[in-house]
Amino acid sequence: MTTQEITNPEELRDLLGPPMPRAVAKERRTLHRRDREWLAASPFCLIATAGADGACDVSPKGDPPGFALVRDDTTIAIPERPGNRRADGYLNILANPHVGLIFLIPGRTDTLRINGRARLIRDAPWFADLEVKGHRPLLAVEVAIEQIFYHCAKAFLRSELWQPETWRPDVLPSRARLVKEVEAPAESLADLERHYGPEYARKLYA
């Protein structure tokens, strides 16, 4: 059997068929009261970006529920905390402001999706509203909403993501062992185990 590539929109539509009317009609441009409630309950989101050359990045962001600040009916802001400082997604935003976000609520099989245009904010009066445990964010991603809708549950149901009996966290070695084997750093395994041990969680905002 030969590989059959799809190379144009017509081929894709012939294969998938037209989108369901409800899937098209559900798109909005402003936050509904329920969207605000969803954001207030969500502790985690994924931010997708693409650079000027098309290179893509997806970055996870997490904080206590409600970490995404609703600025108004068409604007939200997401704080940045101390991390690895690669800044792949932020460099993409500087070159191409278009972003896609997915907000999750643990145990829910539907998600809230927001697409829009982002800018990086170094400081603003509303940064005080983004403080966690006395720590102000390093910066914030402010997103002007262009499209917002709820995504159906099928991917979560198929993957059984929230069913604990399917979880296998020990299927791979520890984070420290993965770093040692894959990235081959100079640190010893013992040093890496200490780094990713209890102290790692205590320094989330340091």
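Below you will find a few notes about this structure.

Calculation notes
- Residues numbered from 1 in each chain as written.
- Predicted model: local features only at pLDDT ≥ 70, side-chain atom pairs only at ≥ 80, totals over all residues.
- Heavy atoms only, no water.
- Core = buried A, V, L, I, M, F, W, Y, C linked by side-chain atoms within 4.5 Å.
- Buried < 20%, exposed > 50% of the residue type's maximum accessible area, 1.4 Å probe, protein only.
- Helix = DSSP H or I, 4+ residues; strand = E, 2+ residues; numbered from the N terminus.
- Contact = heavy atoms within 4.5 Å.
- Pairing = 2+ DSSP bridges.
- Phe/Tyr/Trp six-rings, centres within 6.5 Å; stacked < 30°, edge-to-face > 60°.
- Patch = residues over 30% accessible without salt bridge, like charges linked within 9 Å, V, L, I, M, F, W, Y side chains within 5 Å.
- Areas by Shrake-Rupley, 256 points an atom, 1.4 Å probe, with all protein chains shown as cover.
- Salt bridge = Lys/Arg side-chain N within 4 Å of Asp/Glu carboxyl O.
- Lys, Arg positive; Asp, Glu negative; His and termini not counted.
- Charge placed at Lys NZ, Arg CZ, Asp CG, Glu CD.
- Axes fitted to C-alpha atoms, helices over the stretch in contact; angles between N-to-C directions.

1. Quick word on the nonpolar core
Phase 1: Core analysis: the largest hydrophobic core is formed by 23 residues, its most contacted members being Ile76, Ile78, Leu101, Phe103 and Ile114.
Phase 2: Mapped by element, the contributors of at least two residues to this core are helix H3 (33-41), strand E1 (44-50), strand E4 (75-80), helix H4 (88-95), strand E5 (98-104), strand E6 (111-121) and strand E7 (139-151).
Phase 3: Element by element, the count of residues in this core is highest for E7, at five residues.
Phase 4: Among all residues touching Leu101, those that are not within four sequence positions of it are Leu46, Ile47, Ile78, Leu112, Arg113, Ile114, Asn115 and Val143.
Phase 5: Among the nonpolar cores identified, the runner-up in size contains eight residues, and Ala77, Ala124, Leu130 and Ala140 belong to it.

2. Brief notes about the pairing of strand E3 (residues 69-72)
Phase 1: Both E3 and E4 contribute to a ladder of three bridges, which runs antiparallel. When the sheet's bridge partners are listed, Leu69 is paired in E4 with Ala77.
Phase 2: Counted along the chain from E3 to the antiparallel partner E4, the turn is two residues long.

3. Quick word on the packing of aromatic side chains
Phase 1: Per the counting criterion, the structure on display carries five aromatic pairs.
Phase 2: Ring centres of Trp126 and Phe127 lie 5.2 Å apart, and the angle between their planes is 50 degrees; this geometry places the pair in the tilted category. One exposure class covers both Trp126 and Phe127, and it is buried.
Phase 3: Ring geometry for Phe156 versus Trp162: centroids 6.1 Å apart, planes at 10 degrees, classification stacked.

4. Considering a negative patch on the surface
Phase 1: On the surface, Glu5, Glu10, Glu11 and Asp14 cluster together into a negatively charged patch.
Phase 2: The residue Asp14 is located in helix H1 (residues 9-16) in this model.
Phase 3: According to the relative accessible area criterion, Asp14 is exposed, its value standing at 68%.

5. Points about the sheet that holds strand E2 (residues 56-62)
Phase 1: Reading across from one edge, E2-E1-E5-E6-E7-E4-E3 is the order of the seven strands in this open sheet, with antiparallel pairing throughout. Where the open sheet ends on each side, the last strands, each with one partner, are E2 and E3. Neighbour-to-neighbour, the strand axes of this sheet turn through a mean angle of 35 degrees, independent of strand direction.
Phase 2: As judged from the six bridges shared by E1 and E5, these two strands associate in the antiparallel manner. When the sheet's bridge partners are listed, Cys45 is paired in E5 with Phe103.

6. Thoughts on the pattern of salt bridges
Phase 1: This structure, assessed with the given rule, holds 15 salt bridges.
Phase 2: We note a salt bridge from Arg34 to Glu37, for which the minimum N-O separation is 2.7 Å. Taken as a pair, Arg34 and Glu37 lie in helix H3 at a separation of three residues, close to a single helical turn.
Phase 3: In this structure Arg34 comes out as partly exposed when scored by relative accessible area, which is 45%.
Phase 4: Residues joined by salt bridges that share partners form a network here, namely Arg33, Arg34 and Glu37.

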